[in-house]
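# Observations on chain architecture
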Amino acid sequence: MRIATWNVNSITARLPRLLAWLESTGTDVLCIQETKSTAEQFPAAQLRELGYESAVNADGRWNGVALLSRVGLEDVVVGLPGGPDFGGVQEPRAVSATCGPLRLWSVYVPNGREVAHDHYTYKLAWFEALKDAVAEDAAGARPFAVLGDFNVAPTDDDVWDPALFEGATHVTPAERAALAALRETGLSDVMPRPLKYDHPFTFWDYRELGFPKNKGMRIDLVYGNKPFTGAVSDAYVDRDARKGKGASDHAPVVVDLDL
DNA sequence: ATGCCTATTAAAAATAGA
């Protein structure tokens, strides 16, 4: 089975690429982030023509997540139970479902913006709620994984120049401690292979030649429990999907499983 | 070439991304 996670930066703008990518890679389950759509605008019909069912949590121009599956999609949970509000609302940043033998989450962790910003406090609270929400499944016997845009670089090796990130979000001890606490529930970071260069970056800014100069970050992660990681046969970042006109600023992380 | 930011909302400029 092949599963993947991809921050598409607008499902509407990315739809032609997304459909072609699903067909060319033969992906069975895809976790999507930043649909930037309402649930009504989500192209469920076109995806169904390709054989995928959709579980969507989306409400407008920002955020939005989804799960696509052609191996079953059951017991869908929309949202992060116990998750914090921002601006008085629960933003659409999580959806989970059972896809064949797997229990999976698609998550879009809040960015944080700046360390002094309310959004950063919100980010840490969101991580705390995520940890509590997944703990039981993480410790369970069923293959389980949280996939998505975590908006944290787990180590200094996961940014192209750690010195440039001094004092910025995505690299702070508190954010990395939140990741460690999540792993403590029984999850491990499934490290993908880079298909070029030394680091499996998953995001490159659109500005200043980020991609051609490989000024990237690894912030799109796959956190799986033991039954999940034990079934992993390969994992890689599909950097080809970041090339050319009309690309997202994130590349997909692909995981192959012996399941 | 992998190439100097993109998407949305809304009708110009603001917001968000990281």
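Predicted, not measured: the structure shown is a model, and the values here were computed from it.

Rules of the game
- Residues numbered from 1 in each chain as written.
- Chains lettered and ligands numbered in written order.
- Predicted model: local features only at pLDDT ≥ 70, side-chain atom pairs only at ≥ 80, totals over all residues.
- Heavy atoms only, no water.
- Helix = DSSP H or I, 4+ residues; strand = E, 2+ residues; numbered from the N terminus.
- Buried < 20%, exposed > 50% of the residue type's maximum accessible area, 1.4 Å probe, protein only.
- Contact = heavy atoms within 4.5 Å.
- Areas by Shrake-Rupley, 256 points an atom, 1.4 Å probe, with all protein chains shown as cover.
- Near = heavy atom within 4 Å.
- Polar contact = N/O pair within 3.5 Å; in protein donor to acceptor, adjacent residues only side chain to side chain.
- Nonpolar A, V, L, I, M, F, W, Y, C, P; charged D, E, K, R; others polar.
- Salt bridge = Lys/Arg side-chain N within 4 Å of Asp/Glu carboxyl O.
- UniProt positions renumbered as here; feature names shortened; annotations may be inferred.
- Pairing = 2+ DSSP bridges.
- Axes fitted to C-alpha atoms, helices over the stretch in contact; angles between N-to-C directions.

What chain A contains, in helices and strands, is five helices and 14 strands. Along the first, second and third principal axes, the C-alpha atoms of chain A reach 45 × 40 × 40 Å. Across the 259 residues that make up chain A, the buried fraction comes to 55%. Taking the contacts inside chain A whose residues are at least 6 apart along the sequence as the reference set, 70% of them involve residues at least 24 apart. Carbon and sulfur atoms form 50% of the exposed surface of chain A, whose accessible area is close to 10900 Å².

So, about the protein's contact with DNA strand B. Neighbouring DNA strand B are 31 residues; Ser10, Arg61, Lys196, Tyr206 and Pro212 lie closest to it. In DNA strand B, atoms within 4 Å of the protein come 65% from sugar and phosphate. In the model, a phosphate oxygen of DNA strand B is placed 3.0 Å from a nitrogen or oxygen of the His250 side chain. Residue composition of the surface near DNA strand B, by class: ten nonpolar, ten polar and eleven charged.

Here we take up the pattern of salt bridges. Counting across every chain of the model gives twelve salt bridges. Between Arg93 and Glu91 there is a salt bridge, with the nearest N and O atoms lying 2.8 Å from each other. Just as Arg93 is buried, Glu91 falls in that class too. Residue Glu128 is joined to Lys131 by a salt bridge in which the shortest nitrogen-to-oxygen separation is 3.2 Å. Linking Glu128 with Lys131, this pair stays in helix H3 (residues 118–138), spanning three residues, or about one helical turn. Its relative accessible area of 43% is what places Glu128 among the partly exposed residues. Residues participating in the shared-partner salt-bridge network are Asp158, Asp189 and Arg218.

UniProt marks Asn151 with the feature "site: Transition state stabilizer" (unreviewed entry), using the numbering shown here. Along the chain, Asn151 falls in the loop between strand E8 (144–149) and helix H4 (173–183). Setting aside residues no more than four positions away along its own chain, Asn151 makes contact with Tyr108, Val109, Pro110, Asn111, Lys123, His170, Glu175 and Ile219. A polar contact is formed between the side chain of Asn151 and the backbone oxygen of Val109, at a distance of 2.8 Å.

Topologically, Ala141 is positioned in the loop between H3 and E8. Since its relative accessible area comes to 73%, Ala141 is described here as exposed. For the pair formed by Ala141 and Lys226, sequence separation is 85 residues and the distance between their alpha carbons is 8.2 Å.

Next up on the list: unusual backbone geometry. Positive phi, close to 50°, is recorded for Asp75, a residue that is not glycine. For Asp75, the position within the fold is in strand E5 (residues 74–78).

Before going further, it helps to examine the sheet that holds strand E6 (residues 94–99). Taken together, the six strands give an open sheet; going across it, the order is E5-E6-E7-E8-E12-E9, and neighbouring strands pair in mixed fashion. Because the sheet does not close on itself, it has two edges, and the strands there are E5 and strand E9 (188–189). Where E8 meets strand E12 (residues 220–224), five bridges bridge the pair, whose relative direction is antiparallel. Across the sheet, Leu147 pairs through a bridge with Val222, a residue of E12. On top of the sheet, H3 reaches E6, strand E7 (102–108) and E8; it is set at about 175° to E7, its chief contact.

This brings us to the sheet that holds strand E3 (residues 53–57). Taken in spatial order, the six strands of this open sheet run E3-E4-E2-E1-E14-E13, and their pairing is mixed. Two strands close off the open sheet at either side, each with one partner strand: E3 and strand E13 (232–237). Averaged over all adjacent pairs, the angle separating strand axes in this sheet is 10°, with direction ignored. As judged from the five bridges shared by E13 and strand E14 (residues 253–257), these two strands associate in the antiparallel manner. Note that in E14 the partner of Val237 across the bridge is Val253. Packed onto the sheet, helix H1 (residues 11–25) meets strand E1 (2–7), strand E2 (29–33), strand E4 (65–69) and E14 and runs at close to 160° relative to E2.

As recorded in UniProt, the feature "domain: Endonuclease/exonuclease/phosphatase" (unreviewed entry) lies at residues 4–250. From the first C-alpha to the last, residues 4–250 spans 13 Å; its make-up is 23% helix and 24% strand.

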